[in-house]
Amino acid sequence: MPKKKTTTSGTAYSKIAKALWLTFAVLVVMVPLYILSVNSNFLGLFGDLPSIRTLENSQNENDLSSELYSSDNVSLGKYFRENRSPVDFEELSPDLINTLLASEDHRFEEHSGIDMFGLARAGVKSIMFGNRSQGGGSTITQQLAKILFKTRSEKFDGPLNKVPLLGMLIDKTQEWIVAVRLEKSFTKKEIIALYLNTFEFGGNAFGIKTAAKTFFNTTPDSLNLNQSAVLVGLLQNPSWFNPHRNPNNALAKRNQVLTKVYRNNFINKATLDSLLKQPLNLDYKVENHNQGIATYFRSVIRNFLYKWADENGYNLDEDGLKIYTTIDSRMQMYAEEAVREHMSSLQKTFNKHWDGRNPWVDDNFKEIPDFAEKAIKKTERYRTLVKRYGKGDDSIQIVLNKQVRMSVFSWNGEIDTLMSPLDSIRYYKKFLQAGFMAMDPNTGQIKAWVGGIDHKYFKYDHVKQGKRQPGSTFKPFLYAAAMEAGYNPCYEAMDALMSYPTGGDPPTWTPKNSEGDFSGKMMTLRLALAQSKNSIAAFLTNKLGPGTVVDMAQRLGIKSPIEPVMSLALGSSDVSVYEMVGAYSTFINEGTWIEPYYVTRIEDKNGQVIQEFPPRTIEAINEETAYLMIHMLQGATQLTGGSALGLHRAEYGLFGDGMEIAAKTGTSQNASDGWFMGVTKDLAGGAWVGGDERSVRFRNWYLGQGSKTALPIWGKFMNKVYNDPTLGYEKGPFKRPSRPLSIEINCDRYRGEVIETDSLNINRSNTSGVNPGDIF
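It should be emphasised that the depicted structure is a prediction, and the values quoted were computed from it without experimental measurement. (Residues numbered from 1 in each chain as written. Predicted model: local features only at pLDDT ≥ 70, side-chain atom pairs only at ≥ 80, totals over all residues. Heavy atoms only, no water.)

1. A word on the overall build of the protein chain
Thought 1: Counting secondary structure elements, the protein chain contains 27 helices and 20 strands.
Thought 2: Expressed as a percentage of contacts within the protein chain between residues at least 6 apart in sequence, the contacts between residues at least 24 apart total 70%.
Thought 3: Taken as a whole, the protein chain presents about 36500 Å² of accessible surface, with 52% of it coming from carbon and sulfur. (Helix = DSSP H or I, 4+ residues; strand = E, 2+ residues; numbered from the N terminus. Contact = heavy atoms within 4.5 Å. Areas by Shrake-Rupley, 256 points an atom, 1.4 Å probe, with all protein chains shown as cover.)

Next up, the structure:
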């Protein structure tokens, strides 16, 4: 028989078929071997992959911002390296979830981490179009793997990852393996939440909660379709599609995302058309320490928290701690309002008072030459220039005098202007500053803290960091020492000119009253304190000795150095608002000093209490002495000739319903510092007002005195607090002592006094330990 003839084409087909089968067989064997090798990091060639335990703990692996809360559970701010606060799936709006799935992975519910159909489609389109503009094949789970474990970073690299093309294949394979592992470790809902919590949306917004707040001032559960489409668009490129920096790009991307939402049948055509016509409607605000309430408080407490975290093995910026403070958000808001309302008005008065002249003057009210040039040498900018050019180099003066664009503070809002660094010093030094603090005297909890007029432009804290001469607000410590030594409020002394030996140079000290004259009359100690007579304060200091007054101040919580000199009772030593408010609280708290504190407890990210912070207390003075000082300080609001608060109680609504106030004003020499300290049965508060530099002040004592500069802040704050029923404070009298007093306090027989007589059971015996004739 003749042999069957074989065609050339048949032979070729047979060879191709064999080759295909051989290739298929090799792939069937080699692909699993390759994947197994990558998975196990065979011979260390492919790089490590995260373990199962790491996957299960992946929700805890990202840096979490620590958050500061008020006593009424309002967020005050955060401490972070990455500003991230995670949310659960249930806290995501349906619009956000639908938009995410439609845009990024519409077969998300059908695959197990890898979408093979999507990969094939992406491959074909890449060949056809030469790029990935037509859509990629990565699933949400793959994107999460890439973000969460940085599978394309050196951390997971082996030697083969550095080989061109092969390295890219290995990177992608690692991503697939981690994605499959994630699908096994988490539910679909958990993967969506984890993905949105870990993505960096730009604008220092890590995670969906911060992004919603940053771009739209809302929460993830309230995101609508427009907002969701903008944020989902950022997943492709957070910089290029940033709606704040590139609004046109963001708008185009949003519309593209919304179109995908429509194509996947989540919305109808009418809704799509309506949405495409809407603007972006941003409410953009990057979260930082200059925004929100209690900015100065947050800045001051930061040092305490970093120290605590370091000593206790925590990282404040990463560990997601929850810090609960004593600050009440409502009272903090009222304090900031009070400072803003008064200081904006006072600044106008100050500017008009100087009428275009520079307010930095010496003791003779002559302008200090080269004031700005000296002030700028204290700045970091100047020190940097010296390092760059060398001390005395002309380049420094050129830079300091060159005008540059900058935004500057004003009470009417920020001003964009051209100004040289030296001009900016001259501009900012003209502003009066303020410090205010309020606390619960019975618990020691600080309720409000305002360290300045604007934290963005004036970082220095005038509550605890700043210390200034307190003027006559220091006198109650002298009078408390006198009460403890046996004097009583009705004890009389003469308001007269007197000189006292100092034991130094000059050899004598002759104090003057603030108004400059002396009545030459006898007056009770209570009236002398109410009218702030320096003559009688000096008399008592001489009788008791400066050391006794220093001891009393220290027992009441004054930690700043105090010079034991004759003038100390007039407030010659610098102290802080923080110290003064704590000291005055002792009088309300029946003689027990409670250290003002601002943190009640710290919890970990799971809500477990790590540490609680009970207040520190000291029995400073007895109950009777404490009440006598409350009675003495009420003279400023009850007696004829008392402080301005007595004249303005009605203006601030601080009258009626048995309302009692104990208070003292203070003004330092040359009116550089104005103070007001006041207490009610519920609250103790203190305000300071002055320039950053002591040389910046009013030219006359009348305008610069504490009753003009500081009292209104206290009055406005208390008015707001006592008119807010949600705070639970009610006007009323001070608590009376638990036992009858041993000395007389009813001084209504003395001329010039108008006093409310209480119903105390008073022992009217003469003051023990004091010679009744020991007066001048």
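The discussion continues.
2. Details of the packing of helix α3 (residues 94-104) against helix α7 (residues 188-198)
Thought 1: Axis separation between α3 and α7 bottoms out at 12 Å; the angle between their running directions is 90°. In terms of orientation, α3 lies roughly perpendicular with respect to α7. Residue-level inspection shows L96, I97, L100 and L101 of α3 in contact with α7, the latter providing I192, Y195 and L196.
Thought 2: Each residue belonging to the contact of α3 with α7 can be placed in one class, and the counts come to 7 nonpolar, no polar and no charged. (Axes fitted to C-alpha atoms, helices over the stretch in contact; angles between N-to-C directions. Parallel < 35°, antiparallel > 145°, perpendicular 65-115°, else oblique. Nonpolar A, V, L, I, M, F, W, Y, C, P; charged D, E, K, R; others polar.)

3. With respect to the packing of helix α18 (residues 475-485) against helix α20 (residues 534-544)
Thought 1: In the contact formed by α18 and α20, the axes pass within 10 Å of each other and the chain directions differ by 50°. Here α18 lies oblique to α20, going by the angle between them. Of the two elements, α18 crosses α20, and the hand of that crossing is left-handed. Touching K475, L478, Y479, A481, A482 and A485 of α18 are N534, I536, A537, L540, T541 and L544, all from α20.
Thought 2: In terms of residue class, the contact of α18 with α20 is built from 9 nonpolar, 2 polar and 1 charged. (Left-handed = near helix turned anticlockwise from the far one by under 90°.)

4. Considerations on a negative patch on the surface
Thought 1: Together, D88, E90, E91 and D221 make up a negatively charged patch on the protein surface.
Thought 2: Structurally, D221 is set in the loop between α8 (208-216) and α9 (225-233).
Thought 3: Overall, the relative accessible area of 46% leaves D221 in the partly exposed class. (Patch = residues over 30% accessible without salt bridge, like charges linked within 9 Å, V, L, I, M, F, W, Y side chains within 5 Å. Salt bridge = Lys/Arg side-chain N within 4 Å of Asp/Glu carboxyl O. Lys, Arg positive; Asp, Glu negative; His and termini not counted. Charge placed at Lys NZ, Arg CZ, Asp CG, Glu CD. Buried < 20%, exposed > 50% of the residue type's maximum accessible area, 1.4 Å probe, protein only.)

5. Quick word on the pairing of strand β15 (residues 599-603)
Thought 1: Note: strand β5 (residues 322-325) against β15, 4 bridges, orientation antiparallel. Opposite K322, over in β15, you have E603 as the bridge partner.
Thought 2: Turn length for the β15-strand β16 (residues 609-612) hairpin, with the two strands adjacent in sequence and antiparallel, is 5 residues, and the turn residue G607 shows positive phi of about 85°. (Pairing = 2+ DSSP bridges.)

6. A word on the sheet that holds strand β1 (residues 66-69)
Thought 1: Read from one edge to the other, the open sheet built from 5 strands follows the order β2-β1-β5-β15-β16, with strand pairing classed as mixed. A single partner strand is all that each edge strand has here, and the edge strands are β2 (75-79) and β16. On average, each strand axis in the sheet is tilted by 20° relative to the strand beside it, whichever way the strands run.
Thought 2: Looking at chain direction, β1 and β5 are connected through 3 bridges and run parallel.

7. Focus: α3
In an α-helix, one turn spans 3.6 residues; hence positions three or four apart end up facing the same way.
Thought 1: By the criterion of burial, α3 is predominantly enclosed, with 8 of the 11 residues buried.
Thought 2: Along α3, the positions that sit buried rather than exposed are L96, I97, T99, L100, L101, A102, S103 and E104.

8. Considering the packing of aromatic side chains
Thought 1: Under the criterion given, the structure shown has 30 aromatic pairs.
Thought 2: Centre to centre, the rings of F409 and F458 are 5.6 Å apart; their planes meet at 85°, and the pair counts as edge-to-face. Of this pair, F409 sits in the loop between β6 (404-408) and β7 (415-419) while F458 sits in the loop between β9 (446-450) and α18; the two residues are 49 residues apart in sequence, bridging distant segments of the chain. F458 matches F409 in its accessibility class, with the two residues each being buried.
Thought 3: Taken together through their ring pairs, the aromatic side chains of F409, W411, Y427, Y428, F431, Y457 and F458 make up a single cluster.
Thought 4: Directly above the aromatic system of W354 lies the positively charged group of R699, at a separation of 4.9 Å from the ring centroid. (Phe/Tyr/Trp six-rings, centres within 6.5 Å; stacked < 30°, edge-to-face > 60°. Lys NZ or Arg CZ within 6 Å of the ring centre and 35° of its normal.)

9. Brief notes about the pairing of β7
Thought 1: Where β6 lies against β7, 5 bridges are found, and the strand directions are antiparallel. When the bridges of β7 are listed, M406 appears paired with T417.

10. Let's talk about the nonpolar core
Thought 1: F436, W449, F477, Y479 and F717 are the most contacted members of the largest nonpolar core, which has 136 residues in total.
Thought 2: Setting aside residues no more than four positions away along its own chain, F477 makes contact with V549, M552, A553, L556, I558, M580, A583, Y584 and F587. (Core = buried A, V, L, I, M, F, W, Y, C linked by side-chain atoms within 4.5 Å.)

11. Thoughts on unusual backbone geometry
Thought 1: Of note, the amide linkage connecting D505 to P506 takes the cis form, showing an omega dihedral of 5°.
Thought 2: For P506, the location among the structural elements is in the loop between β11 (500-501) and β12 (508-509).
Thought 3: The backbone of D355 sits at a positive phi, close to 50°, despite the residue not being glycine.
Thought 4: Here D355 shows up in the loop between α13 (329-354) and α14 (371-376).
Thought 5: Given the relative accessible area of 63%, D355 is considered exposed.
Thought 6: Residue E590 is not a glycine yet carries a positive backbone phi of 60°.

12. Here's the deal with the sheet that holds strand β20 (residues 684-691)
Thought 1: Strand order in the open sheet formed by 5 strands is β9-β8-β20-β19-β18, with antiparallel pairing between adjacent strands. The strands lining the two open edges of the sheet, one partner per strand, are β9 and β18 (662-667). On average, each strand axis in the sheet is tilted by 5° relative to the strand beside it, whichever way the strands run.
Thought 2: Strand direction decides the pairing type here: strand β8 (residues 432-439) and β9, joined by 4 bridges, are antiparallel. Its bridge partner lying in β9, F436 is registered against V450.
Thought 3: Sitting on the sheet, helix α27 (residues 711-722) touches β8, β9, β18, β19 (673-679) and β20, and the angle it makes with β8 is about 40°.

13. Thoughts on the side chain of D440
Thought 1: Structurally, the position occupied by D440 is in the loop between β8 and β9.
Thought 2: An unpaired buried charge is present at D440: no salt bridge exists, and K447, the closest side chain of opposite charge, is 5.8 Å distant.

14. Regarding the confidence of the model for the protein chain
Detailed reading of the predicted coordinates is not advisable wherever pLDDT falls low.
Thought 1: Summing up the model confidence of the protein chain, the mean pLDDT is 85 and the portion of residues at 70 or higher is 80%.
Thought 2: Between residues 129-135, whose pLDDT stays under 50, and residues either more than four places distant or in other chains, the model counts 10 contacts.
Thought 3: Taken as a whole, residues 750-776 scores under 50 in pLDDT and shows 68 contacts with residues more than four places along the chain or in a different chain. (pLDDT = per-residue confidence, 0-100.)

15. Things to note about the pattern of salt bridges
Thought 1: Here the structure, examined in full by the defined rule, presents 22 salt bridges.
Thought 2: A salt bridge links R601 to E603, with the shortest nitrogen-to-oxygen separation between them at 2.9 Å.
Thought 3: Judged by relative accessible area, R601 falls into the partly exposed class, the value being 26%.
Thought 4: Judged by relative accessible area, E603 falls into the buried class, the value being 9%.
Thought 5: Through salt bridges with shared partners, one network takes in E337, E341, K716 and K720.

16. Remarks on the environment of D328
Thought 1: With respect to the element layout, D328 can be found in the loop between β5 and α13.
Thought 2: Since its relative accessible area comes to 6%, D328 is described here as buried.
Thought 3: For the pair D328 and A448, spaced 120 residues apart in sequence, the C-alpha separation works out to 6.7 Å.

17. Considerations on the environment of G233
Thought 1: Note on placement: G233 falls in helix α9.
Thought 2: Take G233: its relative accessible area is 1%, and that puts it in the buried class.
Thought 3: For the pair G233 and A250, spaced 17 residues apart in sequence, the C-alpha separation works out to 7.3 Å.
Thought 4: The residues contacting G233, other than those within four sequence positions of it, are F241, K253 and V257.

18. Observations concerning the environment of Y79
Thought 1: The topology assignment puts Y79 in strand β2.
Thought 2: Take Y79: its relative accessible area is 2%, and that puts it in the buried class.
Thought 3: Each C-alpha atom, one on Y79 and one on D317, is 5.4 Å from the other, the two residues being 238 residues apart in sequence.
Thought 4: If we skip the residues at most four places from it in the chain, Y79 touches S65, S66, L68, H289, R298, I301, R302, L305, L316 and D317.

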